[in-house]
Amino acid sequence: MQLDIAFIIEKVLLISVILLGSLGIAMYATWAERKVAAVMQDRRGPNRAGFMGLLQPLADGLKLFFKEEIIPDRSTRFLFILGPALAMLTAVMTSAVVPWGPDIATDNGVISLQVADINIGILFIFGVVSLGVYGVMLGGWASNNKFSLLSSIRAASQAISYELAMGLSLVAMLMMTGSLSLREIVEQQHGFWDNGYFTWNFFKQPLGFMIFLVCAFAELNRAPFDLPECESELNMGYHQEYSSMKLGFYLFAEYINLFISSAVIATLFFGGYNFPFMDEVAAGVNPILFAIICVMALLTKVICIILFFMFIRWTLPRFRYDQLMRLGWKSLIPLALVNMVVTGAVILWVIK
Amino acid sequence: MKLTNRAAQINRDPMTFGEKIYLPAIAKGLSITVGHIFKKKATVNYPEEKRPFSPVFRGLHVLNRDEEGRERCTACGLCALACPAEAITMEAAERKAGEENKYREEKYAAKYEINMLRCIFCGLCEEACPKDAVYLSETVMPTNYTRDSFIYKKEDLLIPHPHKHESK
Amino acid sequence: MGIYEISFWVLTIMALSCALGVILSRNPVNSVLFLIATFFAISGHYILLNAQFLAIVNIIVYAGAIMVLFLFVIMLMNLNADTEPQKNRLVQIAGAISGGTLLLVILAALRTSTIESLDQQATDIGLIKNLGKTLFTQFVLPFEISSVLFLSAMIGAVVIGKKEKEHTA
């Protein structure tokens, strides 16, 4: 097997850019979260570190790095360290299959703005997301604290329950696209308007989108489904015994997850890097500039979705645990099944 | 029997379909919170901008001087008498010859202390003073670490000499 | 030896050592974690066989869901090496005999079978399109029967859950 050095360099570059980019966006998501919370509550939010508090994430990170690292005496040391590492790892792994932009055709061949175009991209995302539970579970168990354990078990059961509805909600969409590759799904949503209807999957599968969105909230452990870190019942949740950067990694992984899942939602339902009148733009500018515009379009969508996540978080109260389970099992899963059956019927009888 | 008449009646009817699917409620909540984004913020950026005091604000005490820079206080003790918190103590002394430019009356306060931990900033001392010597300024009392530092001596309370800078 | 062989051997060693770790580690939580690592190694083998769908489904279903439930139970039961009950000598002997018999059977079966060469591009059957087509045409009957099996398991779970509720009510 020949190793293509140029290929490896290209991929390594792309991976580093995506990694750094998602870290940076996650950093500023913490800033945005605090700012959004503040303006929604008629406050000002961080405004001391730098202009409009823009250096606040750096200050927070620095603070976390310099705090004392405490590993509880009775904890399982190896797993205690493995927990946040896994959380971080699974958070960044999903970005590998998201197509960040169209292929750039250059003289030396085609540069792809996707780390890996595997033909089962969505399943890869599901696999990684389902592994994300381990970071929480191991951390909670290894802390040797009853509250941590309870909260990690809550997190795990919540994640498993909502994964089901999430998968089922996507099945209907996948029946329409006929492909599991994210690249192909994005290509099918080319432009904005085609054959007298919208091309974006959001307009084809509104119910599926709603279910997916609710499940994404639950998978991200975000309000109104942030039961694993429910202060009123579980002190602080699964990362109660964590301090310093290990705590930071848990919190940070959550924001990376937020960014990546927003990217996935944008890719699946809002056309990824496609935007209206893209063909006209593509004809006018050179390919590299066009690719940059496409990436910007995707990032704009992602930021809008992140903001939506934040708006919801600071609007709704937390669900009770039994309400959460009832919603997942008794409402969303049947709804997703109905959506699936109806979509199948429509594909068979109307479109064909 | 009700204690107050303010108890609100809770509607315990079974939820309608619209309430059950929860989405209209979310939209309503979002419209409220998003509306707050555009509201005026109540916060004052404190060190940069300060909230104006009310005209009747009573802050830290000052001991006044007259136009020539002489202390007005004559240590009559009326302020200590008026003080409901018994925060003021003083010791009187007689003015010597040659001190006319320091003290206005023949008797002056050799020692004048206000315990700021006891003071309730009621302003009765200000009203009681026959010589217009003690005033409550518009300064908020600063915090400190030791109890001793809250007992303000005469030197802490006296306003600066009006002509000191010119004479020096 | 190309990348293909190297990764095959690495994955094999990983799978075998992790499988040994499952049965040798004293702490049940460590056992479960070793089992998860074994699943990952096996998924790696699937990828080498160009069966990406099987690989990822193996991770989603086994590592992502079933093992989480295992961990769940084990964590809540708070099993430690100290609380491990003393095994009965008879049970140990019976276990050794049955395990040894199974090993013999597998060895006998493998001895006569021919192992096809693991060519990287030998088959595309593991790709989702081909797999789906095969399952729903050639093997449609066994596939549906296995789904009935799952359905019966699900109904059983529901029945057990219901009974409990009546009992307490």
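See the structure printed just above.
It should be emphasised that the depicted structure is a prediction, and the values quoted were computed from it without experimental measurement.

Draft legend 1. Geometry of the interface of chain A and chain B. Contacts between the two partners involve 16 residues from chain A and, on the opposite side, 17 residues from chain B. Buried surface at the junction of chain A and chain B, summed over both partners, amounts to about 1400 Å²; 62% is from carbon and sulfur atoms. Linking chain A with chain B are one salt bridge. For the pair chain A and chain B, the interface holds six residue pairs in polar contact (both at pLDDT 80 or more).

Draft legend 2. Structural view of the packing of aromatic side chains. All names here are of chain A. If you walk through the whole model with that rule in mind, you get 20 aromatic pairs over all chains. With 5.3 Å between their ring centres and 65° between their planes, F209 and F269 make a pair best called edge-to-face. Of the two residues, F209 is situated in helix α8 (residues 206-219) and F269 in helix α10 (residues 244-269); the sequence distance between them amounts to 60 residues. When its relative accessible area of 0% is taken as the criterion, F269 is described as buried. Here the aromatic cluster, defined as three or more aromatic residues joined through ring pairs, consists of F202, F203, F209, F212, F269 and F270.

Draft legend 3. Seen up close, the interface of chain A and chain C. Contacts between the two partners involve 24 residues from chain A and, on the opposite side, 26 residues from chain C. Seen at the junction of chain A and chain C, the total is zero salt bridges. The tally of links from chain A across to chain C stands at one residue pair in polar contact (both at pLDDT 80 or more). Sorting the residues of the side of chain A that touches chain C by element identifies α4 (121-142) and α5 (146-177) of chain A as the ones contributing at least two each. For the side of chain A that touches chain C, the leading source of residues is α4(A), giving eleven residues. When its residues are assigned to classes, the side of chain A that touches chain C shows 19 nonpolar, five polar and no charged.

Draft legend 4. Inspection of the environment of L182(A) at higher detail. Residue and element names in this part refer to chain A. Positionally, L182 belongs in helix α6 (residues 182-188). Placed 117 residues apart in sequence, L182 and F65 show a C-alpha to C-alpha distance of 37 Å. Setting aside its immediate chain neighbours within four residues, L182 contacts V97, V98, P99, Q114, G121, I122, I125, T267 and L268.

Draft legend 5. How the structure looks around the nonpolar core. By size, the foremost hydrophobic cluster in this structure holds 122 residues, and its most contacted members are M137(A), I265(A), L268(A) and F309(A). Tallying contributions element by element places α10(A) first for this core, with 15 residues. Residues contacting F309(A), with those up to four places away along its chain left out, are L213(A), A216(A), F217(A), L220(A), R222(A), L258(A), S262(A) and I265(A). Among the nonpolar cores identified, the runner-up in size contains 24 residues, and L60(B), Y112(B), I114(B) and V134(B) belong to it.

Draft legend 6. Seen up close, the pattern of salt bridges. Tallied over the entire structure, the rule returns 14 salt bridges over all chains. When the shortest N-O distance is used, the salt bridge between R326(A) and D322(A) registers 3.6 Å. On the criterion of helical spacing, the pair formed by R326(A) and D322(A) is a turn pair, its members being four residues apart in helix α13 (residues 321-351). The exposure class assigned to D322(A) is partly exposed, which follows from its relative accessible area of 33%. Between E68(B) and R70(B) there is a salt bridge, with the nearest N and O atoms lying 3.8 Å from each other. Each of E33(A), R222(A) and R313(A) takes part in one network of salt bridges that share partners.

Draft legend 7. Looking closely at a nonpolar patch on the surface. Side chains of Y28(A), F51(A), M52(A), L54(A), L55(A) and L58(A) sit close together on the surface and give an oily, nonpolar patch of about 560 Å² of accessible area. Tracing the backbone shows M52(A) in the loop between α1 (5-40) and α2 (56-66).

Draft legend 8. A look at the side chain of S22(A). Within the fold, S22(A) resides in helix α1. Apart from residues lying up to four places away in sequence, S22(A) is in contact with F259(A) and I260(A).

The rules we used
Residues numbered from 1 in each chain as written. Chains lettered and ligands numbered in written order. Predicted model: local features only at pLDDT ≥ 70, side-chain atom pairs only at ≥ 80, totals over all residues. Heavy atoms only, no water. Contact = heavy atoms within 4.5 Å. Buried area = accessible area lost by both parts, 1.4 Å probe. Salt bridge = Lys/Arg side-chain N within 4 Å of Asp/Glu carboxyl O. Polar contact = N/O pair within 3.5 Å; in protein donor to acceptor, adjacent residues only side chain to side chain. Phe/Tyr/Trp six-rings, centres within 6.5 Å; stacked < 30°, edge-to-face > 60°. Helix = DSSP H or I, 4+ residues; strand = E, 2+ residues; numbered from the N terminus. Buried < 20%, exposed > 50% of the residue type's maximum accessible area, 1.4 Å probe, protein only. Nonpolar A, V, L, I, M, F, W, Y, C, P; charged D, E, K, R; others polar. Core = buried A, V, L, I, M, F, W, Y, C linked by side-chain atoms within 4.5 Å. Patch = residues over 30% accessible without salt bridge, like charges linked within 9 Å, V, L, I, M, F, W, Y side chains within 5 Å. Areas by Shrake-Rupley, 256 points an atom, 1.4 Å probe, with all protein chains shown as cover.

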